[in-house]
Amino acid sequence: MNMKKKDFYDLMTSVPKAELHLHEEAVISKGTINKLYRENIGGNMSKEEQADLFAYNDLAGFLDSFIAIQKFFTDINNLYYVTDDLERYLTDNNISYCETFFSPTSHLKKGWDFNKMSTILADGAEKILRDTGRTVRYIVDVSRSFGVENAQHNLDLVIAAKNPYILGIGLGGNEEAAPARDFQSVFENAIQAGLHVVAHAGETVESWSMKDSINLLHVERIGHGISAAYDEPFMKELAESGLPLEISPTSNTFIGKYVTDIKDHPIKKLFDAGVHVTLNTDDPTFFKVSLVDEYWNIYKNLNFSLEDIKQIILNGFKASFMNEEDIQRHCNEVESSWTAWFRAHPQVKL
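A few points on the structure. (Residues numbered from 1 in each chain as written. Predicted model: local features only at pLDDT ≥ 70, side-chain atom pairs only at ≥ 80, totals over all residues. Heavy atoms only, no water.)

1. Overview of the overall build of the chain
Phase 1: A tally of regular secondary structure across the chain gives 17 helices and 8 strands.
Phase 2: Since a compact globule built from 350 residues should have a radius of gyration of about 20 Å, the 19 Å found for the chain is in line with a globular shape.
Phase 3: Residues counted as buried form 60% of the 350 residues belonging to the chain.
Phase 4: A fraction of 75% describes how many contacts in the chain between residues 6 or more apart in sequence connect residues 24 or more apart.
Phase 5: Summed over all atoms, the accessible surface of the chain reaches about 14,200 Å², with 48% contributed by carbon and sulfur. (Helix = DSSP H or I, 4+ residues; strand = E, 2+ residues; numbered from the N terminus. Rg over C-alpha atoms; globule rule 2.2 N^0.38 Å. Buried < 20%, exposed > 50% of the residue type's maximum accessible area, 1.4 Å probe, protein only. Contact = heavy atoms within 4.5 Å. Areas by Shrake-Rupley, 256 points an atom, 1.4 Å probe, with all protein chains shown as cover.)

Structure (C-alpha cells):
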C-alpha cells in the first residue's frame, strides 16, 4: 500500500462502481429508524434502545435485529423512506449500478400487498434514476428463515407482479439452519419463469453449500462464498467456470466463521486464484461500512494493488445482470474516470 487514505477515497468516489450484494433495508439511516419509531411506535427512541438494536455479535443476533427494524414499518408507504436512504448511499459511494435485495416476508405477514410494495420499489428506482442517473434493480429474497412453502409463495408473487425492476430471486438467511438443497424446486420454478437466481452460500458453511447452490439451484452468482478458499479443487473449478462471488469482507469478519480479522480475509487468495470476485457491503448500516470503506479495507490490509482494485470494480459490472452493451458502457466509464483522476493528480503514482 502506498496511496494515502485521502487520495484513495478521492479516487474511489470519482470512479463509478457497481454493488451486487446489498440488502436495501440495511441502508436505512439511524435518522430514518428514529422517524419510524416516532411515527409508528410512539415517542422518541432512547439511546439505550438504539444501542441495544445494534448490540449483536453473531449472525443470528444480526438477523433478529434486521427483523426487529422491519417491524418498525407499520405503513406500506414507509418503504419510500428506505428508497430515499438508498439514493443517498449510492450517491455518497458513486455507485452507478446496484442490484439490491428486498425482503418482503415480514411485511407480507402484516398484510401488505406485494404489488403495492413492488410499485414503491419501482417508484424509488425511477426517482433515483431521475435525480442521479444511477440504476437500481431488485432481487427478492425468498428467505431460508421462513421455510420452503413461504419461499415458493414469494416467488409466485414475483412472477405474478411482472415488475421489470425485479430481476429475480435470492436465497438469504442462515444457511446452517436451512440448506440450499431444500429449495431446489423453488429455484427450478424461478428459472422456468425466466428469472435470475442467486444464493447466499459458503458464508458459514463449508463448500458443499456452494456446490449445492450451483448444482441444484443453478445459481448465477453466490453471495459471500468464502469457504471456497479452503477447498483448493473447488476454488480452481470456480475460477474456470467464472461464476462470480459477491464478497463482503467486513460482514464476513463480523460473522467470524472463517475469518475474525480483516487482515486474514481470503478475498485476495480467491482473486489471485482467478475467481471472479466482486466487492460489496452486505448491510452497511448494520456493519458500519460503506462500499468506499470496503475498498480501502482490502487495499490497506490485503496487499491489493491499485490495478487489482480497478479490476474488482470492473468485475462488479461484468457480474451484473445488465445486457452486454450496458456492461461495456459502464466499464468504459470506469476506465475513463480512472485515467482522468490520475491525469488530474500527477503526483500520485500507480
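2. Comments concerning the side chain of Asp212
Phase 1: Examined against the element boundaries, Asp212 turns out to sit in helix H10 (residues 208-215).
Phase 2: In this structure the side chain of Asp212 is engaged in a polar contact, spanning 3.0 Å, whose partner is the side chain of Arg181.
Phase 3: Not counting residues within four places of it along the chain, the set of residues in contact with Asp212 comprises Ala180, Arg181 and Leu217. (Polar contact = N/O pair within 3.5 Å; in protein donor to acceptor, adjacent residues only side chain to side chain.)

3. Here's the deal with the packing of aromatic side chains
Phase 1: In total, this model carries 17 aromatic pairs according to the counting rule given.
Phase 2: Ring plane angle 70° and centroid distance 5.9 Å describe the contact between Tyr56 and Phe62, whose orientation is recorded as edge-to-face.
Phase 3: Considering the side-chain rings of Trp341 and Phe342, the 5.0 Å spacing of their centres and the 80° angle between planes classify their relative orientation as edge-to-face. As far as the burial class goes, Trp341 and Phe342 line up, both buried.
Phase 4: These aromatic residues form a ring-pair network of at least three members: Phe54, Tyr56, Phe62, Phe254, Phe286 and Phe287.
Phase 5: Positioned above the aromatic ring of Tyr81 is the side chain of Lys35, whose terminal nitrogen or guanidinium carbon lies 4.4 Å from the ring centre.
Phase 6: Between the NZ or CZ atom of Lys268 and the centre of the ring of Phe304, over which it lies, the distance is 5.5 Å. (Phe/Tyr/Trp six-rings, centres within 6.5 Å; stacked < 30°, edge-to-face > 60°. Lys NZ or Arg CZ within 6 Å of the ring centre and 35° of its normal.)

4. Some remarks on helix H15 (residues 291-301)
Phase 1: When you tally the buried positions in H15, you get 9 out of 11 residues, the bulk of the element.
Phase 2: Where H15 is concerned, the buried positions are Leu291, Val292, Glu294, Tyr295, Trp296, Asn297, Ile298, Tyr299 and Asn301.

5. So, helix H16 (residues 306-318)
Phase 1: Over its 13 residues, H16 extends 18 Å from the first C-alpha to the last, a length consistent with the 18 Å expected when each residue adds 1.5 Å.
Phase 2: Buried residues dominate H16, accounting for 10 of its 13 residues. (Expected span 1.5 Å × (residues − 1).)

6. Focus: the side chain of Thr281
Phase 1: Looking at the secondary structure, you find Thr281 in the loop between strand E8 (277-279) and helix H14 (284-287).
Phase 2: A relative accessible area of 0% places Thr281 in the buried class.
Phase 3: The contacts of Thr281, once residues within four sequence positions are left out, are Glu19, His21, Leu22, Tyr89, Ser248, Ser251, Phe287, Val289, Ser290, Leu291 and Glu294.

7. Here's the deal with the pairing of strand E5 (residues 196-201)
Phase 1: Burial analysis of E5 places 5 of its 6 residues in the buried class, the great majority of the element.
Phase 2: Here 4 bridges tie strand E4 (residues 166-171) to E5, and the two strands are oriented parallel to one another. Within the sheet, the bridge partner assigned to Leu171 lies in E5 and is Ala199.
Phase 3: In this region the chain leaves E4, passes through helix H9 (residues 184-192) and returns to the parallel neighbour E5; the handedness of that crossover is right-handed.
Phase 4: The sheet contact formed by E5 and strand E6 (residues 221-224) spans 4 bridges and is parallel. Residue pairing across strands places Ala199 opposite Ile222, the latter belonging to E6.
Phase 5: The β-α-β motif built from E5, the intervening H10 and the parallel element E6 has right-handed crossover chirality. (Pairing = 2+ DSSP bridges. Right-handed = clockwise from strand over helix to strand, strands pointing away.)

8. Observations regarding the pattern of salt bridges
Phase 1: Tallied over the full model, the rule gives 14 salt bridges.
Phase 2: Its salt-bridge partner being Lys268, residue Asp272 comes within 2.9 Å of it at the nearest N-O pair. Residue Asp272 and its partner Lys268 are located together in helix H13 (residues 267-272), separated by 4 residues, close to a single helical turn.
Phase 3: Taking relative accessible area as the criterion, Asp272 reaches 52% and is therefore assigned exposed. (Salt bridge = Lys/Arg side-chain N within 4 Å of Asp/Glu carboxyl O.)

9. Here's the deal with the sheet that holds E5
Phase 1: The strand order across the open sheet formed by 8 strands is E1-E2-E3-E4-E5-E6-E7-E8, and the pairing between neighbours is parallel. Across the chains shown, the open sheet's two edge strands, defined by having one partner strand only, are strand E1 (17-23) and E8. The average undirected angle you get between the axes of adjacent strands in this sheet is 25°. (Axes fitted to C-alpha atoms, helices over the stretch in contact; angles between N-to-C directions.)

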